[in-house]
Amino acid sequence: MDIPKTDRVSTAIKTADEAQAFDETVRIAGTVDDSIVDGPGIRFTIFAQGCKRKCPGCHNPQSHDFSAGTDVTIEQLWQRIAANPLLSGITFSGGEPFEQAAGLTALAQRARDVGLSVWAYSGYFYDELIVGIPSPEATRLLELCDVLVDGAYIQDQRSLELKWRGSTNQRVIDVAASWKLGFVVELAQ
Ligand code: SF4
């Protein structure tokens, strides 16, 4: 559902809890305002800073160091998202977004509230995130995602034929269906 820019901004009446959450910062490696490769449609992609895995061949090695990158508030990110009426959704990528799940949860909730879809890429597996690894907030962020692309990139399994993922081990998961059924349901592609 496409919600016009003005409507997206007008939904920005915050509860006290949400106002506090929007003042929190997350550390990011960067953003792409209008990505067409991180899920369907035009998406605002946020690259979280910090990842423990350091997979060989990772496309974003500059995002591995937890002390690098830039601190931004959730409010700053939201204002940029709300300003683009052409967006279909937002995507969390990395680095490892689920290491900063507490901060990103408020952004995911707001995106959903205005009809934007939420995708996330993670080196963690769905089965880990759903049981609170690496944190209880990670489970909450997972619940707010429409789609999770899970598992770390494996260079030996790289394929250019794949949609939305880099290596064949990664799964493009329908989170709502998986949550409801209790097992992983991959998105039909
Ligand atoms: S999990 Fe993702 S961001 Fe982290 S090193 Fe592997 S490919 Fe890079």
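Nothing here was measured: the structure is a model prediction, and the numbers come from that model.

Colleague: How should I be thinking about the overall build of the chain in this particular structure?
Modeller: The number of helices and strands found in the chain is seven helices and seven strands. For the chain, the N- to C-terminal ordering of α and β elements is α-α-β-β-β-α-β-α-β-α-α-β-β-α. Against the globule reference of 16 Å for 189 residues, the chain gives a C-alpha radius of gyration of 16 Å, in line with a compact fold. Overall, the chain is about 45 × 35 × 30 Å in size when its C-alpha atoms are taken along their principal axes. Residue burial in the chain is summarised as follows: out of 189 residues, 38% are buried. A fraction of 67% describes how many contacts in the chain between residues 6 or more apart in sequence connect residues 24 or more apart.

Colleague: Where do I start with the sheet that holds strand β1 (residues 25-35) in this structure?
Modeller: Each strand in a sheet pairs with another by means of backbone hydrogen bonds, the pair being arranged parallel or else antiparallel. Pairing is mixed in the open sheet, where seven strands are placed in the order β3-β1-β2-β4-β5-β6-β7. Two strands lie at the open edges of the sheet, namely β3 (70-73) and β7 (171-174), each paired on one side alone. Pairwise comparison of adjacent strand axes, ignoring direction, gives a mean angle of 30 degrees for this sheet. Two strands pair when backbone bridges link them, and strand β5 (residues 117-122) and strand β6 (residues 147-150) are joined in this way by four bridges, in the parallel orientation. The partner of Ala-120 across the bridge, within β6, is Leu-148. Across the sheet, helix α3 (residues 74-82) is in contact with β1, β2 (43-48), β3 and β4 (89-93); its angle to β3 comes to roughly 75 degrees.

Colleague: Help me out: how do you make sense of the site of the ligand in this one?
Modeller: Taken together, 13 residues sit near the ligand, with Cys-51, Cys-55, Cys-58, Gly-123 and Tyr-153 positioned nearest. For the shell around the ligand, the class distribution of residues is five nonpolar, five polar and three charged.

Colleague: What am I meant to see in the packing of helix α2 (residues 16-23) against α3 here?
Modeller: Each packed pair of helices is defined by two parameters, the angle between the axes and the distance between the axes. Where α2 contacts α3, the two axes come as close as 6 Å, and the packing angle between them is 95 degrees. Between α2 and α3, the angle falls in the class roughly perpendicular. Each of Ala-21, Phe-22 and Asp-23 in α2 lies in contact with α3, whose residues at this interface are Ile-74, Glu-75 and Trp-78. Residue composition of the contact of α2 with α3, by class: four nonpolar, no polar and two charged.

Colleague: Got a minute to help me understand the packing of α3 against helix α4 (residues 101-113) in this structure?
Modeller: Two elements in contact, α3 and α4, have axes separated by 10 Å at closest approach and are oriented at 25 degrees. Put simply, α3 runs roughly parallel to α4. Regarding α3 and α4, the two cross each other, and that crossing is right-handed. Seen from α3, the contacting residues are Ile-74, Leu-77, Trp-78 and Ile-81; seen from α4, they are Gly-103, Ala-106, Leu-107, Arg-110 and Ala-111. In terms of residue class, the contact of α3 with α4 is made up of seven nonpolar, one polar and one charged.

Colleague: Would you mind showing me how to read the pairing of β1 here?
Modeller: Along any regular strand the residues' side chains alternate between the sheet's two faces. The pairing of β1 with β3 spans four bridges and is antiparallel. Looking across to β3, one finds that Thr-25 is bridged to Thr-73.

Colleague: Which parts of the structure should I look at to understand the environment of Glu-18?
Modeller: With respect to the helices, strands and loops of the structure, Glu-18 is situated in helix α2. Linking Glu-18 and Ser-167, residues 149 residues apart in sequence, is a C-alpha distance of 37 Å.

Colleague: Sorry if this is basic, but what is going on with the pairing of β4 here?
Modeller: Counting buried positions along β4 yields five of five residues, so the element is predominantly enclosed. Taken together, the five bridges between β2 and β4 define a ladder with parallel strand orientation. The residue of β4 that forms the bridge with Phe-47 is Ser-93. Relative to β5, β4 is paired through four bridges, and the arrangement is parallel. Looking across to β5, one finds that Ile-90 is bridged to Val-118.

What counts as what
- Residues numbered from 1 in each chain as written.
- Predicted model: local features only at pLDDT ≥ 70, side-chain atom pairs only at ≥ 80, totals over all residues.
- Helix = DSSP H or I, 4+ residues; strand = E, 2+ residues; numbered from the N terminus.
- Rg over C-alpha atoms; globule rule 2.2 N^0.38 Å.
- Buried ≥ 20, exposed ≤ 12 C-beta atoms within 10 Å, placed from the backbone.
- Contact = placed C-beta atoms within 7 Å.
- Pairing = 2+ DSSP bridges.
- Axes fitted to C-alpha atoms, helices over the stretch in contact; angles between N-to-C directions.
- Near = placed C-beta within 6 Å.
- Nonpolar A, V, L, I, M, F, W, Y, C, P; charged D, E, K, R; others polar.
- Parallel < 35°, antiparallel > 145°, perpendicular 65-115°, else oblique.
- Left-handed = near helix turned anticlockwise from the far one by under 90°.

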